[in-house]
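# Inside the fold
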Amino acid sequence: MERLLTICEAAVAAAKRHEADEAEAFASSGRTIDVELQKNDLQIASSAESEAVGIRVFRDRRMGFASVNTFEDAEIEAAVERAMGIAAAAPPDEHNGLPDPVPVDDLEGIYDPAATEYGVDRAVESALAMLDVARGYDERVTVDGGQLHCYAGARAVVSSKGVRLAEPVSRLYCFVMGMARDGETVSSFDFQFDASRRVDGIDCERAAGTFAENVVASLGARKGESFTGTLVLSPMAAAEIIAYPITYSVLASSVQRGSSRFGESMGKAVASPMISVTDDASLEDGFASASFDREGQAPRTLPIIEEGTLRNFLYDAYRARREGRASTGHAGGGAQSVPSVSSTNIVFAPGETVFDDMVAGVDRGVYVKRFSGNTDPVSGDFSGVVKGGRMIRGGKLEEPLTGTMIAGNTFDLLPKVAAVSRERERLFSDVLPYIRLEDVAVTGS
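This is a predicted model, so every value here is computed, not measured.

Conventions adopted
- Residues numbered from 1 in each chain as written.
- Predicted model: local features only at pLDDT ≥ 70, side-chain atom pairs only at ≥ 80, totals over all residues.
- Heavy atoms only, no water.
- Helix = DSSP H or I, 4+ residues; strand = E, 2+ residues; numbered from the N terminus.
- Expected span 1.5 Å × (residues − 1).
- Buried < 20%, exposed > 50% of the residue type's maximum accessible area, 1.4 Å probe, protein only.
- Contact = heavy atoms within 4.5 Å.
- Polar contact = N/O pair within 3.5 Å; in protein donor to acceptor, adjacent residues only side chain to side chain.
- Salt bridge = Lys/Arg side-chain N within 4 Å of Asp/Glu carboxyl O.
- Phe/Tyr/Trp six-rings, centres within 6.5 Å; stacked < 30°, edge-to-face > 60°.
- Core = buried A, V, L, I, M, F, W, Y, C linked by side-chain atoms within 4.5 Å.
- 1 Å grid on protein atoms, 1.4 Å probe; cavity = no way out; pocket = protein on both sides within 12 Å on 5 of 7 lines; lining within 4 Å.
- Points joined across faces, edges and corners; volume = space filled by probe spheres on them.
- Axes fitted to C-alpha atoms, helices over the stretch in contact; angles between N-to-C directions.
- Parallel < 35°, antiparallel > 145°, perpendicular 65-115°, else oblique.
- Left-handed = near helix turned anticlockwise from the far one by under 90°.
- Nonpolar A, V, L, I, M, F, W, Y, C, P; charged D, E, K, R; others polar.
- Disulfide = S-S within 2.5 Å.

## Focus on helix 5 (residues 204-217)
- With 14 residues, helix 5 ought to run about 20 Å at 1.5 Å a step, and its terminal C-alpha atoms sit 20 Å apart, in line with that.
- Of the residues making up helix 5, those classed as buried are Cys204, Ala207, Ala208, Phe211, Ala212, Asn214, Val215 and Val216.
- Where helix 5 is buried, its residues contact helix 4 (120-137), strand 4 (141-159), strand 5 (164-182) and strand 7 (190-196).

## Some points on the side chain of aspartate 190
- By the element assignment, aspartate 190 lies in strand 7.
- The class of aspartate 190 is buried, set by a relative accessible area of 4%.
- Here glutamine 192 takes part through its side chain, which lies 3.3 Å from a polar atom of the side chain of aspartate 190.
- Aspartate 190 has contacts with Val176, Met177, Gly178, Thr210, Phe211, Asn214, Val215, Lys369 and Arg370, leaving out every residue within four places of it along the chain.

## Observations regarding the pattern of salt bridges
- Under the counting rule described, the total for this entry stands at 25 salt bridges.
- Among the ionic pairs, arginine 370 bridges to aspartate 190, the shortest N-O distance being 3.6 Å. With arginine 370 in strand 17 (residues 370-375) and aspartate 190 in strand 7, this pair connects stretches of sequence that are 180 residues apart. Like arginine 370, the residue aspartate 190 is buried in the burial classification.
- Across the pair arginine 311 and glutamate 306 runs a salt bridge whose closest N-O atoms are separated by 3.1 Å.
- Since its relative accessible area comes to 36%, glutamate 306 is described here as partly exposed.
- When salt bridges that share partners are traced, they join Arg222, Glu225, Arg364, Arg393 and Glu399 into one network.

## Regarding the packing of aromatic side chains
- Across all of its chains, the model carries nine aromatic pairs by this definition.
- Relative to phenylalanine 193, the ring of phenylalanine 191 has its centre 5.5 Å away and its plane inclined at 40°; by these criteria the two rings are tilted.
- You can call phenylalanine 193 buried: its relative accessible area is 11%.
- With a centroid separation of 5.5 Å and 65° between ring planes, the pair formed by phenylalanine 287 and phenylalanine 428 is classed as edge-to-face. Note that phenylalanine 287 is positioned in the loop between strand 10 (277-279) and strand 11 (302-306) and phenylalanine 428 in the loop between strand 22 (419-427) and strand 23 (430-443), a separation of 141 residues in sequence.
- Phenylalanine 428 sits in the partly exposed class, given a relative accessible area of 27%.
- The rings of Tyr173, Phe175, Phe191, Phe193, Phe287 and Phe428 are connected pair by pair, giving a single aromatic cluster.

## Regarding the nonpolar core
- Judged by nonpolar contacts, the single largest core of 55 residues is most densely connected at Ile242, Phe262, Phe348 and Ile406.
- Looking at this core element by element, the count peaks at eight residues for helix 6 (residues 235-249).
- The contacts of phenylalanine 348, once residues within four sequence positions are left out, are Ile242, Ala243, Ile246, Ile275, Ser276, Val277, Arg424, Val431, Leu432, Pro433 and Ile435.
- Core analysis: the second largest hydrophobic core is formed by 29 residues, Val35, Ala123, Ala127 and Phe211 among them.

## A word on the environment of phenylalanine 355
- Relative to the helices and strands, phenylalanine 355 resides in helix 9 (residues 355-360).
- Along the backbone, phenylalanine 355 and alanine 45 are 310 residues apart, and their C-alpha atoms lie at a distance of 39 Å.
- In this view, phenylalanine 355 contacts Val232, Tyr367, Ser421, Glu423 and Tyr434; residues no more than four positions away in its chain are not counted.

## Comments concerning the layout of surface pockets
- Of the pockets and cavities examined, the largest pocket occupies roughly 520 Å³.
- In this structure, the largest pocket is lined by 32 residues; those nearest its centre are Phe26, Arg155, Arg171, Gly333 and Gly334.
- Counting residues per element, the ones that place at least two in the lining of the largest pocket are strand 1 (22-38), strand 2 (41-59), strand 4, strand 5 and strand 13 (331-332).
- Its boundaries defined by the atoms lining it, the second largest pocket holds a volume of some 380 Å³.
- Around the second largest pocket, the lining is made up of 20 residues, and of these Gln192, Arg206, Met236, Glu425 and Leu427 lie nearest the centre.
- Listing elements by their share of the lining of the second largest pocket, those giving two or more residues are strand 7, helix 5, helix 6 and strand 22.

## Comments concerning the packing of helix 4 against helix 5
- In contact at an axis separation of 8 Å, helix 4 and helix 5 are set at 25° when each is read in the N-to-C sense. On the basis of their axis angle, the class for helix 4 and helix 5 is roughly parallel. Judged by the sense of rotation from one axis to the other, the crossing of helix 4 with helix 5 is right-handed. Counted together, Ala129, Met130, Val133, Ala134 and Tyr137 of helix 4 and Cys204, Glu205, Ala208, Gly209, Phe211, Ala212, Glu213 and Val216 of helix 5 form the full contact between these two elements.
- Class assignment for the residues of the contact of helix 4 with helix 5 results in ten nonpolar, one polar and two charged.

## Thoughts on the state of the cysteines
- Under the counting rule described, the total for this entry stands at zero disulfides.
- Sulfur of cysteine 150: no disulfide; nearest cysteine sulfur belongs to cysteine 204 and is 11 Å away.

Below is the structure:
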């Protein structure tokens, strides 16, 4: 990490020599291992080293940015010159500038030294085990694609305002997707994954087993009925229909551009009292957990919605300065991009209803395991196809469904949330429960 800090310091010094008023350098380096599955077989295994540094400069409140995928001095010097040239041509903005340094505590659990030792051989072994579990469950299972990914590296940020931070990072994930075939009958397509910051934190075989179970269970699916009624969303479906529009709407960039439905709702009820959501950059083993954000600010753990009431928006330095307030430490991005406001780990609080009881309370409805369609985070409108879903009759999960569409508006449905489950699942950087909605249009044609 000291090497990254030295490279960043040299880039900032170069920018100051070119008469930048303020300068910031963000660098990252690491090793990536990928093993890909395709059509029931191992497709390719690869290992790659990467390094990059991005330089952001300000002069007369004009901003310029350039990045390079090398740490060679001459290339970094050239990137600084390009950034200064861009700044000279950019329009001034009184809100441009870098944040002051703040105290930052090192966050435990975002780096596993074992990830650095994780080799291609072990990755191939794990990927093949994932394939064996899926195919071994039932000969009708077809693995259309899959991947095992391991990254181990470090990142650093240095600024002329006094920011000087670095930390190691590791991330691992795996996924498998495909369907089951029984003669001319094809099941719903399914996608299962797992992710962790630790080598021993991901369970690819469990993901493969769940995938195989899901696709076999969805064989013999029938078209559903058309009605307006109850949906029970799995955590994966809730991420698309519920979490995505909420997260978009609490970004200060969305609010200031006038595209957030929550723009005038601070302190007001925007959802059922059953809904509480927090942005938590310190979540243990969280895929988006970090000690500092892209600008070197400490991410604050913020309640976004508390018992249905909107409590906070997320800010980076630029968006905060526009409102005369401090950054909440939510600048996202990497070495090859200009920082922009971003969420970290989005965590929904658990409810009081067990999933089985949630289903038991539904006379007629649809259980949505996955949602394949479009969700407009601005309007909240969503429409798409239920994947891996089942009809609910008399409080029981019944026949699997195919060709069944759902449509509605997230912001209209949020106040109508009828139940939130105690059980939750982690989906990369999000933690979500099962959620029951009412008055949703279901089309079974």
